[in-house]
Amino acid sequence: MTMGVRALLLAAFGWFALGGSALAQTAAAPNTLVDVGGHKLNVRVSGTANPGVPTVVFESGLGSPIGAWFSVPSEIAAMTRVVAYERAGIGASEPGPEPRSIKQIVTELHALLAKLEVPPPYVLVGHSWGGPIIHAFAATYPKEIAGLVYEDPSDFTQTEADILALWEKAGAKDGREGLRKMQEQIMAPAPPGLKAEYREIDRLERGGFAELRAAGDPPDVPVVFLIAGKPQPLPPAGTFPGDYDRYFRANLEQRLDHFSKLSQLSSKGTLVHSSKSGHFMHSTEPELLVWAIQRVLSSSTTHPELERFVGEYTLAPKVSMMITRDGDRIFGQLTGQPAFQLYAESATTFSLKIVDARIEFEVDASGNVVGLVLAQNGRRLPGSKKIRDRSS
């Protein structure tokens, strides 16, 4: 589907599948209302900030309240601080300035985080329409981003040719007009906030998504794309103008191609295609979304408990052990030898799997690592950490 059509239909799927206004009323109980420049946003902050671990910020799909995330934020809150909120006009948040442009939404989210005194770095998690939003936020504030997780995002890379090709494959070359009639039926009972968001999506689509492309690209940070491979049933209102199954398959193929290319722009990019879930993966397969967030957190976290081991240790006049870190893993490398991963046995003792050996790090009274001992075949070879690295 085009981004606008797909976002609208999937929002409608969620609206009907999750109980429509009943869900909105249940989720609308305010957590904290924060003024972001003349209107207040409903926000929930949970978990505890940990040194070196980014805050995780959830950006919902079209018209979705905080409650639509179900248990995922609370699971992540066991690891780090979590921010989940409702955009202006959604749930318990007050209406904001229109149009509800991507730029306006990004500005309001940035202001919200500042008001909450939640400093960067952030790992942003965006579902559906939230995908283009986190993409634009990361492009606007690249130095504040530690990682990105896109949960079945709206395809903000589509060209006019892409859109026309999908309609042709669905057997409905003039499908846009038929869908607009369907949209009117679907949107009739929707709340004002959802209607305001959709109007902006429709405007972006008519403009060829130029505004999204103008935002630029995010920084090179860990990224995971989760793509749903199971079609959602059509909502009860309206009739799809074409072969919906053919359209879905063609759209899925196109999305996998587009997002695979985007994931490759990151040096730590991953794409996962799940045939078990439809669009609302956080409901049907929450463990997959939790895994994706954990993966990005692990890759982006500074891990101060491991960083202190990093450095060069002198074992002999021309022999040293270099200790390096990649995410939550540390490696050792003897002079002239390949690097090998170290596996923790205790807070300061690590083993090697390639040979029967251990490395025991030595710490001073302040907890600073000052040396190590390489234990192998009954021998113990000590090494002192070079002075310039003592501060770590």
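Residues numbered from 1 in each chain as written. Predicted model: local features only at pLDDT ≥ 70, side-chain atom pairs only at ≥ 80, totals over all residues. Heavy atoms only, no water.

Asker: Got a minute to help me understand the overall build of the chain in this structure?
Answerer: The helix and strand inventory of the chain stands at 13 helices and 16 strands. Burial analysis of the chain (392 residues in total) assigns 52% to the buried set. Sequence separation of 24 or more characterises 67% of the internal contacts of the chain that already satisfy a separation of 6 or more. In the structure as shown, the chain presents an accessible area of about 17,300 Å², 53% of it carried by carbon and sulfur atoms. (Helix = DSSP H or I, 4+ residues; strand = E, 2+ residues; numbered from the N terminus. Buried < 20%, exposed > 50% of the residue type's maximum accessible area, 1.4 Å probe, protein only. Contact = heavy atoms within 4.5 Å. Areas by Shrake-Rupley, 256 points an atom, 1.4 Å probe, with all protein chains shown as cover.)

Asker: Which parts of the structure should I look at to understand the sheet that holds strand 13 (residues 349-352)?
Answerer: Pairing is antiparallel around the closed barrel formed by 8 strands, whose spatial order is 9-10-11-12-13-14-15-16. Averaged over all neighbouring strand pairs, the angle between strand axes comes to 30°, with direction disregarded. Sheet topology places strand 9 (residues 311-316) next to strand 16 (residues 379-385); 2 bridges connect them, and they run antiparallel. Bridging across to strand 16, Thr314 finds its partner in Ser384. (Pairing = 2+ DSSP bridges. Axes fitted to C-alpha atoms, helices over the stretch in contact; angles between N-to-C directions.)

Asker: Can you help me understand the pattern of salt bridges in this one?
Answerer: Oppositely charged side chains can form a pair if their charged atoms are brought close together. Within this structure, the stated rule accounts for 14 salt bridges. A salt bridge links Glu108 to Arg100, with the shortest nitrogen-to-oxygen separation between them at 2.7 Å. Overall, Arg100 belongs to the buried group, its relative accessible area being 3%. For the salt bridge of Asp152 with Arg255, the shortest nitrogen-to-oxygen distance reads 2.5 Å. Taken as a pair, Asp152 in the loop between strand 6 (145-151) and helix 6 (160-169) and Arg255 in helix 10 (residues 244-263) lie far apart in primary sequence, 103 residues in all. The pair formed by Asp152 and Arg255 is uniform in burial state, with each residue classed as buried. Overlapping salt bridges bring together Glu345, Arg358, Glu360 and Arg380 as one network. (Salt bridge = Lys/Arg side-chain N within 4 Å of Asp/Glu carboxyl O.)

Asker: Where do I start with the packing of helix 4 (residues 102-115) against helix 5 (residues 130-140) in this structure?
Answerer: Geometry of a packed helix pair, given as the angle between the helix axes and the separation of the axes. As a packed pair, helix 4 and helix 5 sit with axes 9 Å apart at the nearest point and diverge in direction by 70°. Looking at the two axes, helix 4 sits roughly perpendicular to helix 5. Crossing hand, helix 4 versus helix 5: right-handed. Two secondary-structure elements touch here, helix 4 through Ile102, Ile105, Val106, Leu109, His110 and Leu113 and helix 5 through Pro132, Ile133, Ala136, Phe137 and Thr140. Split into classes, the residues belonging to the contact of helix 4 with helix 5 amount to 9 nonpolar, 2 polar and no charged. (Parallel < 35°, antiparallel > 145°, perpendicular 65-115°, else oblique. Left-handed = near helix turned anticlockwise from the far one by under 90°. Nonpolar A, V, L, I, M, F, W, Y, C, P; charged D, E, K, R; others polar.)

Asker: What is the right way to read the sheet that holds strand 8 (residues 269-274) from this model?
Answerer: Each strand in a sheet pairs with another by means of backbone hydrogen bonds, the pair being arranged parallel or else antiparallel. Pairing is mixed across the open sheet formed by 8 strands, whose spatial order is 1-2-4-3-5-6-7-8. The open sheet is flanked by strand 1 (32-35) and strand 8, the only strands paired with a single partner. Across the sheet, the mean angle separating the axes of adjacent strands is 20° when strand polarity is ignored. With 5 bridges connecting them, strand 3 (residues 55-59) and strand 5 (residues 122-127) associate as parallel partners. Residue pairing in the sheet places Val56 in a bridge with Val123 of strand 5. With respect to the sheet, helix 5 is in contact with strand 3, strand 5 and strand 6, its orientation differing from that of strand 5 by roughly 150°.

Asker: Just checking my understanding: could you explain the confidence of the model for the chain for this structure?
Answerer: In low-pLDDT regions, the fine details of the predicted coordinates are not to be read closely. Taken as a whole, the chain shows an average pLDDT of 86; of its residues, 90% reach a score of 70 or greater. The model gives residues 14-29 a pLDDT under 50, and that stretch makes 18 contacts with residues more than four places away or in other chains. (pLDDT = per-residue confidence, 0-100.)

Asker: I'm lost on the nonpolar core in this one. Help?
Answerer: When a protein is soluble and globular, its nonpolar side chains tend to lie buried together. One finds Ile102, Leu112, Leu124, Trp129, Phe137 and Leu148 to be the most contacted residues of the largest nonpolar core, which totals 56 residues. Ignoring sequence-local partners within four residues, the contact set of Leu148 consists of Leu124, Ile134, Ala138, Pro218, Val221, Pro222, Val223, Val224 and Val296. (Core = buried A, V, L, I, M, F, W, Y, C linked by side-chain atoms within 4.5 Å.)

Asker: I'm lost on the environment of Pro51 in this one. Help?
Answerer: Following the sequence through the fold, Pro51 ends up in the loop between strand 2 (40-46) and strand 3. Among the residues examined, Pro51 registers a relative accessible area of 67% and is labelled exposed. Residues Pro51 and Thr80 lie 29 residues apart in sequence; the distance between their C-alpha atoms is 9.3 Å.

Asker: How should I be thinking about the pairing of strand 6 in this particular structure?
Answerer: Residues in a regular strand point their side chains to alternate faces of the sheet. Counting buried positions over the 7 residues of strand 6 gives 7, a clear majority of the element. Bridge count for strand 5 against strand 6 is 6 bridges, and the pairing is parallel. By the bridge assignment for strand 6, Gly126 is matched with Tyr150. Assessed by its sense of winding, the connection that carries the chain from strand 5 through helix 5 to strand 6 is right-handed. (Right-handed = clockwise from strand over helix to strand, strands pointing away.)

Asker: What is the right way to read the side chain of Ser128 from this model?
Answerer: Relative to the elements of secondary structure, Ser128 occurs in the loop between strand 5 and helix 5. A relative accessible area of 3% means that Ser128 is categorised as buried. If sequence neighbours within four positions are ignored, Ser128 has contacts with Gly61, Glu151, Asp152, Pro153, Ser154 and His279.

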